[in-house]
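The residues making up each chain are set out below.
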Amino acid sequence: MLGLWALPQGSGHRLLGLSLLGFCLVLLGDAKRPPKTPPCPPSCSCTRDTAFCVDSKAVPKNLPTEVISLLLNSNKFTLIGDNAFMGLSHLQYLFIENNDIWALSRFTFRGLKSLTHLSLANNNLQTLPRDVFRPLDILSDLDLRGNSLNCDCKVKWLVEWLASTNTTVAPIYCSNPPRFQEHKVQDLPLREFDCITTDFVLYQTLPFPAVSAEPFLYASDLYLALAQPSASACTILKWDYVERQLRDFDRIPAPSAVHCKPLVVDGQLYVVAAQLFGGSYIYHWDPNTTRFNKLQDIDPERVRKPNDLEAFRIEGDWFFAIADSSKAGATSLYRWHQNGFYSHQALHAWHRDTDLEFVDGEGKPRLIVSSSSQAPVIYQWSKAQKQFVAQGEVSQVPDAQAVKHFRAGRDSYLCLSRYIGDSKILRWEGTRFSEVQALPSRGSLALQPFLVGERRYLALGSDFSFTQIYQWDEGRQKFVRFQELAVQAPRAFCYMPAGDAQLLLAPSFKGQTLVYRHVVVDLSA
């Protein structure tokens, strides 16, 4: 057996010495080899802790992860997306200067937990995404000079951030709008930013035509009564607070319904179903049988062609009035007594009345009756006679399809829609009405002022064009055009608060009944 012990004396020591010599030479060779160069994108020059990039078409990838300083100057990219610098957790200095960058993403700087110095100087930034600097926990210096910042609602957050941050920020100046041009962003007062606006967005589509809509509360639930002549019914819908939608509840037979008016009297629910043909009726809801039962007829000789209903209370008594649009009938008043509604007064005969509006102001209940054949008539309640007495006409308009009222401050206003000619906004001057505004409205049969929070609107419909939503301008004391809604031949508008949802319903004679939701939009978000 050959082995170390079989070698001549001294050979083993020589072999071991040669082995150790070879190992040392290998180590010596490794020691002289230069350090491995970190990865570097083609458009960049890199050292172990610095990268400098020019003429890049995008933020370079595969930069050294240990880089501390990164310079991206005079490059060709115009926007920087989310997570553009992920993986560079050791980066402390980032200079993105003299480019043509016009947009950053909200999470452009995510992952840069060590960044202390950031420069975006001399680019084309007009706005900055909200909270774009939030990931930069220890940022000490920021340079945004040389950009064309548009000082609108999109930079409101920046003004707030500049007032609260400990980061040193070089002075920044506004390029737009003209009223802020050359103003220092840091000095802009927050009250100058009017960034809250509103919108009406389509919320629910009810797949049927309707000509009236009346919301009501009964037994702590919210309902909606719709007149549907095409379905020969007064349809009752119930608001589903879980699904946040209107759901079918019940139907009352009404072959030619033009208005379905709910009344809750002494905890009992009644619905007046006014019809063009076949008479009008009053129904009572029986909670035991869960159905509507016919309670009484409305005299068809007195009310021949109903067009609108208005319900109200005077001196504790419940009344409803029906506007009669025939040449032979009369607009009539009915009063609740013990177990039914009974004829109380004939108001306005043979004038083709179209709408009614009850106004209870200054302790003087009034009923305004609009007509397609004459100027609207004002009736005032007489306590002595216990009935309405004619007080005068609204002579500023020769006819009106609809009449509504609202109060703004201490002033009372009337809104009158006209099918031919402009609709009118009138203000009560103590002894008479004076015109304050005319609104183009050819083909209008419906209008409705309504209040959502502190914002006042007016919905004005037309058979020939879009529905116009106007908003009240308190300073000018006028309505200004706000939004268009695509409602086909609206016959009414109805505001209905439903929990935290503020809804506007638009029953359509020719199309679907649309439900819009009022939303508040923060333009600075």
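Let us look at the structure shown here. Given the structure is predicted, the values throughout are model-derived calculations rather than measurements.

## A closer look at the sheet that holds strand 26 (residues 364–371)
Spatial strand order, 25-26-27-28: four strands in an open sheet with antiparallel pairing. Edge positions in the sheet fall to strand 25 (353–361) and strand 28 (387–393), since each has one partner strand and no second. Put simply, the sheet's adjacent strands are angled 25° from each other on average, direction ignored. Looking at chain direction, strand 25 and strand 26 are connected through eight bridges and run antiparallel. Looking across to strand 26, one finds that D360 is bridged to P365.

## Remarks on the sheet that holds strand 15 (residues 233–240)
Sheet architecture is open: four strands sit in the order 13-14-15-16, paired in antiparallel fashion. Pairing within the sheet leaves two strands with one partner each, and these edge strands are strand 13 (212–218) and strand 16 (245–253). Adjacent strand axes in the sheet meet at a mean angle of 25°, parallel and antiparallel pairs treated alike. Across six bridges, strand 14 (residues 221–228) lies against strand 15 in antiparallel orientation. Paired with Y223 across the bridge in strand 15 is K238.

## Describing the packing of aromatic side chains
The geometry of an aromatic ring pair is captured by the separation of the ring centres together with the interplanar angle, meaning the angle of the planes. Considering all chains together, one arrives at 32 aromatic pairs under this definition. Between F200 and Y457 the ring centres are 5.1 Å apart and the planes differ by 80°, which places this aromatic pair in the edge-to-face class. In this pair, F200 sits in strand 12 (residues 196–206) while Y457 sits in strand 34 (residues 455–460), placing the two residues 257 residues apart along the sequence. The burial state of F200 is the same as that of Y457; both residues are buried.

## Some thoughts on the side chain of D324
Along the chain, D324 falls in strand 22 (residues 317–324). R304 provides the closest opposite charge to the buried, unpaired D324, separated from it by 6.7 Å. At 2.6 Å, the side chain of D324 and the backbone nitrogen of R304 are in polar contact. Side chain to side chain, D324 and S326 meet in a polar contact 2.5 Å long. In contact with D324, not counting residues within four places along its chain, are R302, V303, R304, K305, P306, G329, A330, T331, R352 and D353.

Cut-offs applied
Residues numbered from 1 in each chain as written. Predicted model: local features only at pLDDT ≥ 70, side-chain atom pairs only at ≥ 80, totals over all residues. Heavy atoms only, no water. Pairing = 2+ DSSP bridges. Helix = DSSP H or I, 4+ residues; strand = E, 2+ residues; numbered from the N terminus. Axes fitted to C-alpha atoms, helices over the stretch in contact; angles between N-to-C directions. Phe/Tyr/Trp six-rings, centres within 6.5 Å; stacked < 30°, edge-to-face > 60°. Buried < 20%, exposed > 50% of the residue type's maximum accessible area, 1.4 Å probe, protein only. Lys, Arg positive; Asp, Glu negative; His and termini not counted. Salt bridge = Lys/Arg side-chain N within 4 Å of Asp/Glu carboxyl O. Polar contact = N/O pair within 3.5 Å; in protein donor to acceptor, adjacent residues only side chain to side chain. Contact = heavy atoms within 4.5 Å.

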